Amino acid sequence: MESKYNYFKRDISWLSFNYRVLLEALDERLPLYERINFISIYSSNLEEFYKIRVADHKAVASGATESDEETVQSARELVEEINKEVTRQLDDRVRIYEQKILPALRKNHIIFYQDNHVEPFHQQFIKDFFREEIFPYLQPVPVSKDKIVSFLRDNRLYLAIRVYPKKEEKNKGEETKENIEKYTGECINERNDGEGIKVGMEAARPNVTDLRQPLYFVMKQPYAKVPRFIELPSREKNHYLMFTEDIIKANLNLIFPGYDVDSSYCIKISRDADILIDDTASSADLVAQLKKKVKKRKIGDVCRFVYDRAMPSEFLDFLVDAFRIQRDELVPGDKHLNLEDLRHLPNPNKSLHSLEKPKPMKLTVLDEKESIFNYVAKKDLLLYYPYHSFEHFIHFLYEAVHNPETREIMVTQYRVAENSAVINTLIAAAQNGKKVTVFVELKARFDEENNLATAEMMQAAGIKIIYSIPGLKVHAKVALIRRRGLNGEKIPSYAYISTGNFNEKTATLYADCGLFTCRKEIVADLYNLFRTLQGKEDPKFTTLLVARFNLIPELNRLIDREISLANEGKQGRIILKMNALQDPTMIDRLYEASEHGVQIDLIVRGICCLIPGQSYSRNIRVTRIVDSFLEHARIWYFGNNGKPKVFIGSPDWMRRNLYRRIEAITPILAPDLRDSLIEMLNIQLADNQKACWVDDKLQNIFKKRTPGTPAVRAQYTFYDWLNKTNS
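Conventions used here
- Residues numbered from 1 in each chain as written.
- Predicted model: local features only at pLDDT ≥ 70, side-chain atom pairs only at ≥ 80, totals over all residues.
- Heavy atoms only, no water.
- Core = buried A, V, L, I, M, F, W, Y, C linked by side-chain atoms within 4.5 Å.
- Buried < 20%, exposed > 50% of the residue type's maximum accessible area, 1.4 Å probe, protein only.
- Helix = DSSP H or I, 4+ residues; strand = E, 2+ residues; numbered from the N terminus.
- Contact = heavy atoms within 4.5 Å.
- Salt bridge = Lys/Arg side-chain N within 4 Å of Asp/Glu carboxyl O.
- Axes fitted to C-alpha atoms, helices over the stretch in contact; angles between N-to-C directions.
- Parallel < 35°, antiparallel > 145°, perpendicular 65-115°, else oblique.
- Nonpolar A, V, L, I, M, F, W, Y, C, P; charged D, E, K, R; others polar.
- Pairing = 2+ DSSP bridges.
- Polar contact = N/O pair within 3.5 Å; in protein donor to acceptor, adjacent residues only side chain to side chain.
- Phe/Tyr/Trp six-rings, centres within 6.5 Å; stacked < 30°, edge-to-face > 60°.

Enquirer: Explanation requested: the nonpolar core in the structure shown.
Expert: The nonpolar side chains of a soluble globular protein tend to be buried, and buried together. Among the nonpolar cores identified, the biggest contains 114 residues, and Leu-590, Leu-602, Leu-610, Trp-636 and Trp-653 are the most heavily contacted of them. With 11 residues, the top contributor of residues to this core is helix α2 (residues 32–61). Residues in contact with Leu-602, not counting those within four places in the same chain, are Leu-576, Leu-581, Leu-590, Leu-610, Ile-620, Arg-621, Val-622 and Thr-623. Ranked by size, the runner-up nonpolar core spans 43 residues in total, among them Leu-363, Ile-394, Tyr-494 and Ala-507.

What follows is the structure, encoded as C-alpha cells:
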C-alpha cells in the first residue's frame, strides 16, 4: 500500500548535512584554522560518500547488482541528481576558499600561492627545492587511448600533462623516442612499478607521422616522500606556503626537456570501497573473506573521476577515452583537489590563536582514590563525552581487572582506537586470570582490518572472541562486569550502556553519553543479550530495548501514549535526538503523531528523510547542530503526561539499525540523571549560535537570536552547566 506521506531522499538529505559542515568555513567568529578544518572535513566526508553510497547506486544503475529499493533507471537518475548537487556545492566551496579563506590568510600575513605568480625572491628557492626534494620521486607515465590503460590509484592526486615536441628539433622521430625513454625512466620497459601502473613501449611511442601531435602523461604526486604543503622562506612579517603540485607545475620544463609543456591539471579517482561478503557465512569463513577482500578495496570500480574544471574539453575527452571513464563518473573540481589535506596546513603565524575547546573534566566524586564500583553500587552514573573524561571508563575496566570478585568481563567491539587502552586493559584482565569475552563486529566498515588485528591479539592473550553474527551487525555499545563474592555470595554486577564506541580517541571528538548501573533488571537483560550474541537462547528483555526483539513494539507504544494524551487535550510531547532518521515506518508514526497534535522536536545531525512544513508535519521541527564536536548521542524523550521517559542507546532510526542490527537502548531511571538529559535537550533546542532549522527544501536556516535573549551555543553552554554541577 502506497503511503500518503512524502520523504526526502536519503542521499540528498545527507548532502544537505555535509553542506552545513562546509558553511562552518564561513563563520568568522571561529579561529581561521578551525574554518579551514571544516573544508577538510567536508571534503573527506564527500570522498567516503562517493566510495560507498554513490558506488552502490552506480552498481545498480549498471545492472551489476540488484536492489529491492531502486530500479536501474531510478539509480541512474539519483546519481545524476547527486552529481548535480555536488557540483553546485563545489562551486560554493571554491568561492569560500578563494574569496574568504585565502584573503583571511593574507590578512594574517600568510601568503598561500595559488597561481603561477611567485615573488621573485622565491623563484630560486622553488627551483632548488624541486631539484633536491621532489624531482627524484617523480615518474611521468605515458597515456594512450589505444594501448595499455594505466591504473590510477584510489584517492591519489595525479597531474595530467600535455606536451608537444619542440619544432626546432632535428631527427624528430628518433629524438622524440629517445627523450621519452630518458625521462620516463625504467617504466618504459614493461613492468609493474609497485604503484599499480603498468606501461609498455607501445604506449610511449608518439605518432611520428605528425610530430606536433600532443603527448599525454600522468604523474602521481609523491606525498609519501614530500609534504603536500611547503613552507617557503619568510619575508619581513609575511609567511609563505605553496602546494607541492604547484611547485611541480612550475618546473615541468625540467621533467620534459625537448618538449613544449602545453598545460597540466590535477585529476583523481575515487573507487568503490564497499566490501561485498557472504553475510550468511560462518565466523571462520567470514574472517577469511574479509582478510582477502579488504586488500582489494583500493582497486574497486571507479565511482568518481574528479578533474580541474579549467581543463579544456578536448583534454578531458582524451583522458575519458584513455582511462575508459563513464560520463556519469565525471565530477568537476577546482584547481587543487583532495582538500581534505587542509587539516595538515602549516600555521607559520604563531600569533593566530586556536579554538579553546572544552577540556574533558574528571568528576570530583570519582577522583583517583574513589572506587567507581563503590559509587555505582550506591547510585547510577551518567557520563557525557567529551565533556567528561573517558579515563573514567578506562578506570572502570581497570578496577574490574584488579577486583578479586570479578568473575567475567563482557564487551562489544565495533570501532576501537589503534593501540587501544580498552583492548590493552582487557588483555591485562585475561592475563590476570579473569574470564574475558569480547564480541567483535568484523563488518564495521573501514575498521575491518583493525578489528581483525585486535581480535587476533586478544585471542592470543586468552580472551574468548565471538565474531559477527551471520546476516546481522552488532552495533550495541555495551559492557558487563559479572561479579560473585569470594565465598559464593551474590554481590552487585555492573552494566554499562553507551551511545558511542569504546574508543578513547573519538571520545575526545564525538559528543556521546554512557550509563553505569548496578540495577539488577538492567544487568540481567544485558547478560541475556550477551548470551544471545553467543547463540545460546532467545531472550526476554524486561527493561532494555533491543533492536529485532522488543524495540519497535515499545517505540510504537510510547508514540501511541503521546497520541492518546493529545487526543485527550493534554500535552503530547516527543523530543528525539539522533544522527539519522530514515525509516519510513517510524517517520509515518511521527507524521501520524503530528496530525493528532503531538509537539515533536527532532535534533538530527545528518540524514533526515522526514519533511517538515507539510500539512501532516506541521507540529514537527527539525534542528541540526554542527559545532566543535560531532553530535553522536542518541537520546529519546517522551513526555508521558509529566512523568517523562528518557532513553539513551546506540541506534539511529534507520532501517538498518531498527531491523538488521543488534542495538541496545536503556531507560534512564534515576530522576537526577533523567533531568540532566532533559536539560541537555532543552539547551540544544535553545541554541541560537550553531543550530539551524532544516526546512522543506532541505535548506539549513540558521536560528536567529531574539533581541534581549542570551547567546546559547549548546556544546559550550552544556559544558558550563556540567562544570557547575561537578561536585
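Enquirer: How should unusual backbone geometry be read in this particular structure?
Expert: One can expect most non-glycine residues to show negative phi and most peptide bonds to be in trans. Of the consecutive residues Tyr-385 and Pro-386, the connecting peptide bond is found in the cis state with omega at 5°. Positive phi values are uncommon outside glycine, yet Asn-155 reaches one of about 60°. With respect to the helices, strands and loops of the structure, Asn-155 is situated in the loop between β2 (141–143) and β3 (158–165). Take Asn-155: its relative accessible area is 22%, and that puts it in the partly exposed class. Positive phi values are uncommon outside glycine, yet Asn-640 reaches one of about 55°. The topology assignment puts Asn-640 in the loop between β25 (634–638) and β26 (645–649). Classification of Asn-640 by relative accessible area gives buried; the value is 14%.

Enquirer: How should I be thinking about the pattern of salt bridges in this particular structure?
Expert: Side-chain pairing between opposite charges can occur once the charged atoms of the two side chains come close. Following the criterion strictly, the structure yields 43 salt bridges and no others. A salt bridge links Asp-154 to Lys-51, with the shortest nitrogen-to-oxygen separation between them at 2.4 Å. With Asp-154 in the loop between β2 and β3 and Lys-51 in helix α2, this residue pair connects regions lying 103 residues apart in the sequence. Each member of the pair Asp-154 and Lys-51 is classed as buried. Ionic pairing is found between Glu-408 and Arg-482, a salt bridge with its closest N-O pair at 3.3 Å. Placement of Glu-408 in strand β13 (residues 406–413) and of Arg-482 in strand β17 (residues 477–483) is noted, with a sequence separation of 74 residues between them. Arg-482 sits in the buried class, given a relative accessible area of 15%.

Enquirer: Sorry if this is basic, but what is going on with the packing of helix α16 (residues 551–567) against helix α17 (residues 584–595) here?
Expert: How two helices pack is summed up by the angle between their axes together with the distance between the axes. Running from N to C, α16 and α17 cross one another at 10°; their axes reach a closest spacing of 10 Å. Overall, the two elements α16 and α17 adopt an arrangement that is roughly parallel. Where α16 abuts α17, its residues Ile-552, Leu-555, Asn-556, Ile-559, Asp-560 and Ile-563 lie against Met-586, Arg-589, Leu-590, Glu-592 and Ala-593. Grouping the constituent residues of the contact of α16 with α17 by class yields 7 nonpolar, 1 polar and 3 charged.

Enquirer: Can you walk me through the pairing of β17 in this structure?
Expert: A regular strand places its side chains on the two faces of the sheet in alternate fashion. Across the 7 residues of β17, 7 count as buried, placing the element largely inside the fold. The alternating pattern of β17 places Lys-477, Ala-479, Ile-481 and Arg-483 and Val-478, Leu-480 and Arg-482 on opposite faces, both of which are buried. Of the strand pairs in this sheet, β13 and β17 are connected by 5 bridges, and their pairing is antiparallel. Across the sheet, residue Met-410 finds its bridge partner in β17, namely Leu-480.

Enquirer: Quick question: what am I supposed to make of the side chain of Thr-437 here?
Expert: Position of Thr-437 relative to the elements: it lies in strand β14 (residues 435–440). There is a polar contact of 2.9 Å between the side chain of Thr-437 and the side chain of Glu-408. For Thr-437, the contacting residues outside a window of four places in its chain are Glu-408, Ile-409, Met-410, Val-411, Lys-464 and Ile-466.

Enquirer: Would you take a moment to explain the packing of aromatic side chains for this structure?
Expert: Two aromatic rings, taken as a pair, are described by how far apart their centres are and by the angle between their planes. Applying the stated criterion across every chain yields a total of 38 aromatic pairs. Arranged with centres 5.2 Å apart and planes meeting at 70°, the rings of Tyr-216 and Phe-315 form a pair that is edge-to-face. Remark: Phe-315 occurs in helix α10 (residues 313–322) and Tyr-216 occurs in strand β6 (residues 215–220); sequence separation between them is 99 residues. Phe-315 sits in the buried class, given a relative accessible area of 0%. For the ring pair Phe-373 and Tyr-494, a centre distance of 4.3 Å and an interplane angle of 20° mean the geometry is stacked. Residue Phe-373 is found in helix α11 (residues 372–378), and its partner Tyr-494 is found in strand β18 (residues 494–498); the two are separated by 121 residues along the sequence. Of the two residues examined, Phe-373 and Tyr-494, each falls in the buried class. Among the aromatic residues, ring-to-ring pairing joins Phe-373, Tyr-385, Phe-390, Phe-393, Phe-396, Tyr-494, Tyr-496, Phe-502 and Phe-516 into one connected group.

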